[in-house]
Amino acid sequence: LLGSVGQFLGLVLMVLQLVSAGGTFPYQTLPTPLRTLHEALPMSYAVDALRQLMYGGDMSRVWHDVLFLGCWLVITLGVAYLAITRMTRTRTMRDLRPSLLG
């Protein structure tokens, strides 16, 4: 949707999730802005659910994490659907009859 800018923003978002997920060090040691991201981004919930499953933790926390991840899935699929319909709604003659020479 955003081209190379969107790819860059996705990379920045992935790095922020890696830092704030709490997979490599405890999230309690993060500064306040990153701790806020920890509670909002999906990777921290995936890390928590996997930890609970691997080490025999509380299953109610796992279901809470799965529910949160499911909400993220529904929202992102909705945004993707809207973006795809917006991108494919308008067609030009060039789209319908492309040039043979490129």
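Residues numbered from 1 in each chain as written. Predicted model: local features only at pLDDT ≥ 70, side-chain atom pairs only at ≥ 80, totals over all residues. Heavy atoms only, no water.

Peer 1: What is the right way to read helix α1 (residues 4-20) from this model?
Peer 2: Because each turn of an α-helix spans 3.6 residues, side chains separated by three or four positions in sequence point in the same direction. Along its 17 residues, α1 runs 24 Å from first to last C-alpha, staying within 8% of the 24 Å computed at 1.5 Å per residue. Where α1 ends, the next residue or the one after it, G22, has phi of about 80 degrees, a positive value. (Helix = DSSP H or I, 4+ residues; strand = E, 2+ residues; numbered from the N terminus. Expected span 1.5 Å × (residues − 1).)

Peer 1: I would appreciate a short explanation of the confidence of the model for the protein in the present structure.
Peer 2: The predicted coordinates should not be examined in detail at positions where pLDDT is low. Overall, the prediction assigns the protein a mean pLDDT of 86, with 94% of residues at 70 or greater. For the protein, helix α5 (residues 93-96) is the element with the lowest average pLDDT, namely 70, and helix α4 (residues 59-89) is the one with the highest, namely 92. (pLDDT = per-residue confidence, 0-100.)

Peer 1: Looking at this model, I keep getting lost on the packing of α1 against helix α3 (residues 42-54). Mind explaining?
Peer 2: Helix-helix packing: each pair is described by the crossing angle between the helix axes and the interaxial distance. Between α1 and α3, whose axes approach to 8 Å, the crossing angle comes to 40 degrees. The angle between α1 and α3 falls in the class oblique. The chirality of how α1 crosses α3 is right-handed. When α1 is examined against α3, the residues M14, Q17, L18 and S20 are found in contact with a partner set consisting of P42, M43 and S44. (Axes fitted to C-alpha atoms, helices over the stretch in contact; angles between N-to-C directions. Parallel < 35°, antiparallel > 145°, perpendicular 65-115°, else oblique. Left-handed = near helix turned anticlockwise from the far one by under 90°. Contact = heavy atoms within 4.5 Å.)

Peer 1: I'm lost on the side chain of S20 in this one. Help?
Peer 2: Structurally, S20 can be placed in helix α1. When sequence neighbours within four positions are dropped, the list of residues in contact with S20 reads Y27, L30, L34, L37, H38, L41 and S44.

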